[in-house]
Amino acid sequence: MIRDITIGQYYPIQSTIHNLDPRTKIIWIFIYIAALFSVDTFYGYIFVGIILLTVISISKVPIKFMVKGLKTIMFFLVFSVVLNLFFIRGENLIFEFGILRIYEEGVAIAVTMIVRLVLLIIGSSILTLTTSPIRLTDGIELLLNPLRIIKVPAHEIAMMMSIALRFIPILLEETDKIIKAQTARGADFETGNIIRRAKALVPILIPLFISAFIRAEDLAQAMEARCYRGGQGRTKLNPLKFKTLDFIALLLGVVFLSICIYL
């Protein structure tokens, strides 16, 4: 299960999506989210799905690599569906068993929610999978630069977000190693009731927290040794610049959002 988590991972490969400016991809994510929550028809979701598959194909990231990340939220998806099926009331009753009743409106809302969540998670993962942490930091910082007028530390916020995303796969790998080590010593994480499984996680959480603090301390010392003092006066080795392809992508994003609103 740990290996199935793809949040924060970067898939290094050459593609048109990888070569886009990170600011373009961040803006596209917001456009995609707005478009996804603006559609409420069958054809609208089909259109969004086709666009998403097209972008994935252009990015050259294997679709299996993205879909396997859904395994980690499967419980949440199933819970949301069950919650909507049995607790949403309507006028058209389609199933009844004792106190359990399923209405047509509940089924519609459940299906809509699970489709939106799946499309949202897969679509959002494209940003981190096709953008390196350094470029993502630079993109977030430049987008937040106008907020410096009101004394918002744009560079520091972008740096913290980038470090947080970068630490996700590192801590997941560390968790996987700890689980394997505890399993080799006879620990059992698969059997028993919920309480027993929760208690079995204690031997994992303690060394994981210790490892996280050690890594954070090492990172802080490394940044201090390199005279890091925040974003004041810093220059870029490879400054970001919008290219013709970025303007075309943003224009296509506006067209995409307009079509979704129309649908």
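The rules behind each value
- Residue indices begin from 1 for each chain and proceed along its sequence in written order.
- For a predicted model such as this one, the threshold for reporting local features is a pLDDT of at least 70, and the threshold for listing and counting side-chain atom pairs is 80 or more; totals across whole chains, interfaces and linings nevertheless cover every residue.
- To get the side-chain values, all heavy atoms of the structure are used, and hydrogens and water are removed first.
- Only the stretch in contact is used when a helix axis is fitted, and all axes are lines through C-alpha atoms; the angle between N-to-C directions ranges over 0 to 180 degrees.
- In this description a helix means any DSSP run of H or I spanning at least four residues, a strand means any run of E spanning at least two, and both kinds are numbered starting from the N terminus.
- Comment on the angle field: the value is read as roughly parallel under 35 degrees, roughly antiparallel over 145, roughly perpendicular from 65 to 115, and oblique elsewhere.
- Residues count as neighbours in contact if any of their non-hydrogen atoms are within 4.5 Å of one another.
- Under the grouping applied here, Gly and all other residues not named as nonpolar or charged are polar, the nonpolar ones being Ala, Val, Leu, Ile, Met, Phe, Trp, Tyr, Cys and Pro and the charged ones Asp, Glu, Lys and Arg.
- By definition, turning the near helix anticlockwise from the far helix through less than a right angle yields a left-handed crossing, and turning it clockwise yields a right-handed one.
- Residue-level confidence of the predictor, termed pLDDT, takes values from 0 up to 100.
- Remark: nonpolar core denotes a set of buried residues (Ala, Val, Leu, Ile, Met, Phe, Trp, Tyr, Cys) joined through side-chain atoms within 4.5 Å.
- Buried means the residue's accessible area, taken with a 1.4 Å probe over protein chains only, is under 20% of the maximum for its type, while exposed means over 50%, and partly exposed covers the values in between.
- In the sections that follow, a salt bridge refers to a side-chain nitrogen of Lys or Arg positioned within 4 Å of a carboxyl oxygen of Asp or Glu.
- Each polar contact in these results corresponds to two N or O atoms within 3.5 Å; when the atoms are within protein, one needs to be able to donate a hydrogen and the other to accept it, and residues that are neighboring in sequence are counted only if both atoms are side-chain atoms.
- Throughout, the protein atoms alone are placed on a 1 Å grid, and a set of points is a cavity if a 1.4 Å probe fits but cannot get out or a pocket if it is open with protein on both sides within 12 Å along at least five of seven lines; lining residues have an atom within 4 Å of a point.
- Grid points are joined across faces, edges and corners, and a volume is the space filled by probe spheres set on the points.
- A helix is expected to reach a length of 1.5 Å times the quantity of its residues less one.
- Throughout, the arc means that of the directions going from the helix axis to the C-beta atoms.

1. Points about the packing of helix α2 (residues 22-36) against helix α11 (residues 244-262)
- α11 packs onto α2 with a crossing angle of 5° between their chain directions and a minimal axis gap of 9 Å. On the basis of their axis angle, the class for α2 and α11 is roughly parallel. The segment α2 lies against α11, with Thr24, Ile27, Trp28, Ile31, Tyr32, Ala34 and Ala35 engaging Asp246, Ala249, Leu250, Leu252, Gly253, Val254, Phe256, Leu257 and Cys260.
- Its residues assigned to classes, the contact of α2 with α11 shows 13 nonpolar, 2 polar and 1 charged.

2. Things to note about the packing of helix α8 (residues 154-184) against helix α10 (residues 202-225)
- Where α8 meets α10, the closest approach of the two axes is 10 Å, and the angle between their N-to-C directions is 140°. It follows that α8 is oblique to α10 by the angle criterion. When you trace α8 past α10, the crossing you get is right-handed. Taking contact as the criterion, the partners of Ile163, Phe167, Ile170, Leu171, Glu174, Thr175, Ile178, Ile179 and Gln182 in α8 are, on α10, Pro203, Ile204, Pro207, Leu208, Ser211, Ala212, Arg215, Ala216 and Leu219.

3. Focus on the confidence of the model for the protein
- Scored by pLDDT, the protein has a mean of 79; 85% of the residues are at 70 or more.
- Across the protein, the secondary-structure element scoring lowest on mean pLDDT is strand β1 (residues 93-97), at 66, and the one scoring highest is α2, at 90.

4. A short note on the nonpolar core
- Counting 24 residues, the largest nonpolar core has Tyr32, Leu36, Val48, Leu52, Met66, Leu119 and Phe256 as the members making the most contacts within it.
- Those elements that place two or more of their residues in this core are α2, α3 (42-59), α4 (63-67), α6 (104-129) and α11.
- When sequence neighbours within four positions are dropped, the list of residues in contact with valine 48 reads Tyr32, Leu36, Val39, Leu119, Phe256 and Cys260.
- Formed by 6 residues, the second largest nonpolar core is a distinct cluster that contains Ile26, Ile29, Leu136 and Ala158.

5. Section: the pattern of salt bridges
- Evaluated as defined, the whole model comprises 2 salt bridges.
- For aspartate 21, the salt bridge goes to arginine 23, with nearest N and O atoms at 3.0 Å.
- Of the charged contacts in the structure, one is a salt bridge between arginine 215 and glutamate 174, with a shortest N-O distance of 3.2 Å. Here arginine 215 is found in helix α10, whereas its partner glutamate 174 is found in helix α8, with 41 residues between them in sequence.
- The exposure class of arginine 215 is partly exposed, given its relative accessible area of 31%.

6. Brief notes about the environment of isoleucine 29
- For isoleucine 29, the location among the structural elements is in helix α2.
- Distance in space between the C-alpha atoms of isoleucine 29 and leucine 127 is 7.5 Å, their sequence separation being 98 residues.
- Excluding anything up to four places from it in sequence, isoleucine 29 contacts Gly123, Ser124 and Leu127.

7. Some words on the side chain of threonine 128
- When you line up the elements, threonine 128 lands in helix α6.
- At 3.2 Å, the side chain of threonine 128 and the backbone oxygen of serine 125 are in polar contact.

8. Comments concerning the side chain of aspartate 21
- When you line up the elements, aspartate 21 lands in the loop between α1 (16-19) and α2.
- Engagement of the side chain of aspartate 21 in a polar contact is seen with the backbone nitrogen of arginine 23, the distance being 2.8 Å.
- If we ignore the near neighbours within four places in the chain, the residues touching aspartate 21 are Arg135, Leu240, Lys241, Phe242 and Asp246.

9. Description of the layout of surface pockets
- What the largest pocket holds in volume is close to 620 Å³.
- Considering the residues around the largest pocket, the lining is formed by 24 residues, among which Ile134, Thr137, Asp138, Met159 and Arg234 are closest to the centre.
- Secondary structure elements with two or more residues in the lining of the largest pocket: α7 (133-144), α8 and α10.
- By residue class, the composition of the lining of the largest pocket is 11 nonpolar, 6 polar and 7 charged.
- Computed from the structure, the second largest pocket encloses a volume of approximately 540 Å³.
- Elements with a minimum of two residues in the lining of the second largest pocket: α1, α2, α3, α6 and α11.
- Considering only residue class, the lining of the second largest pocket consists of 19 nonpolar, 3 polar and 1 charged.

10. Digging into α3
- Here α3 contains 18 residues, and its C-alpha end-to-end distance of 26 Å stays within 8% of the 26 Å for a straight helix at 1.5 Å per residue.
- Residues of α3 that are buried: Gly44, Tyr45, Val48, Gly49, Leu52, Ile56 and Ser59. Down the axis of α3, the buried side of the element spans an arc of 130°, and every buried residue falls inside it. Across from the buried face of α3, at angles greater than 90 degrees, the exposed residues are Phe42, Tyr43, Leu53 and Ser57.
- Phi for lysine 60, located one or two positions after α3, is positive at around 65°.

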